[in-house]
Structure formats: structure tokens, C-alpha cells
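Understanding the architecture of this molecule
Residues per chain are reported as follows:
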Amino acid sequence: MTKPFLPPFSADTDGSVQRDKDRDSLFLKATMRLASAPGDIAVRVRNLSAGGMMGEAPVQVERGDVVHVDLRNVGDVPGKVAWKAEGRFGIAFDHPIDPKLVRQPLSSKDDRPNFIRKIDSMSRPLGRKG
């Protein structure tokens, strides 16, 4: 496997590659688009940091490919493929994101506390409207 070459990676004076230490291991689904191919690709996000992610998908990518990843609560994030190996690949984002947002549940339109929403739903009549 080759060493990554794009941010968030930087070489130390001894030539070793340093990666973001604030990576979250997780299992999350996302959608990815390759600039060179039409259509959306379902991706499993294995770890995530402010500067990039490791993904897994049955797709052929090459180092340097331009991609756009749609992350939950963040939206479209442009980046480039930094490395690839056996169905997994690393993406270096063009701009940092807040990885904590991705872990948050999807927001709902109803901002009332959950117990009030449950009580309200129990008071609705059952059966057909009409």
C-alpha cells in the first residue's frame, strides 16, 4: 500500500507520515459521487476525522480521483482519493468538517421533547379518516 499524499497528512522531518489523531471509528452509510462516473455509490464510512475518512465500497477508484461524499447532517463534502487497498479507500476532504455532526441523529421538524410527541400520538383516533 502506498503512503497517503493529500491533507490531512503531513510528513515529519524523519519522513514518516502523520495522520489526524482525532479519528472516530464508526459504521455509517453515505453516498459518494465520482467526478469521472455518473450515479451515486453507497459507501460504508469506517472512520472519520475533520480532514478525511476511510470508506468501503465495491467501486474502482484511483489515487487522486475527485469525489463528493454526502455525509449525514453535513451535506456534500468534496475531496480526493488519497489511497486505496482491497475495497477500502481514504478520502482527504478539501475543507475540514465537524465529524461530531455526522454522529448526531437526524433532526426532526418537531422540536418538542420525545415524551410529549408520544403522548400526542397516543391521543389521536385510530382507524380511517373520513
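Just above, that's the structure.
Residues numbered from 1 in each chain as written. Predicted model: local features only at pLDDT ≥ 70, side-chain atom pairs only at ≥ 80, totals over all residues. Heavy atoms only, no water.

A look at the nonpolar core
Grouped together as the largest cluster of nonpolar side chains are 23 residues, with contacts concentrated most on Met32, Leu48, Leu71 and Phe89. Those elements that provide at least two residues to this core are β3 (24–34), β4 (41–48), β6 (66–71), β7 (75–85) and β8 (88–93). Top element by residues in this core is β3. It accounts for 5 residues. Excluding residues within four positions of it along the chain, Leu71 makes contact with Ala30, Val45, Leu48, Val77, Phe93, Ile97 and Val102. (Core = buried A, V, L, I, M, F, W, Y, C linked by side-chain atoms within 4.5 Å. Buried < 20%, exposed > 50% of the residue type's maximum accessible area, 1.4 Å probe, protein only. Helix = DSSP H or I, 4+ residues; strand = E, 2+ residues; numbered from the N terminus. Contact = heavy atoms within 4.5 Å.)

Re unusual backbone geometry
Even without a glycine there, the phi angle at Asn73 is positive, about 65 degrees. For Asn73, the position within the fold is in the loop between β6 and β7. Within the chain, Glu86 stands out as a residue other than glycine whose phi angle is a positive 45 degrees. When you line up the elements, Glu86 lands in the loop between β7 and β8. What makes Glu86 exposed here is its relative accessible area of 84%.

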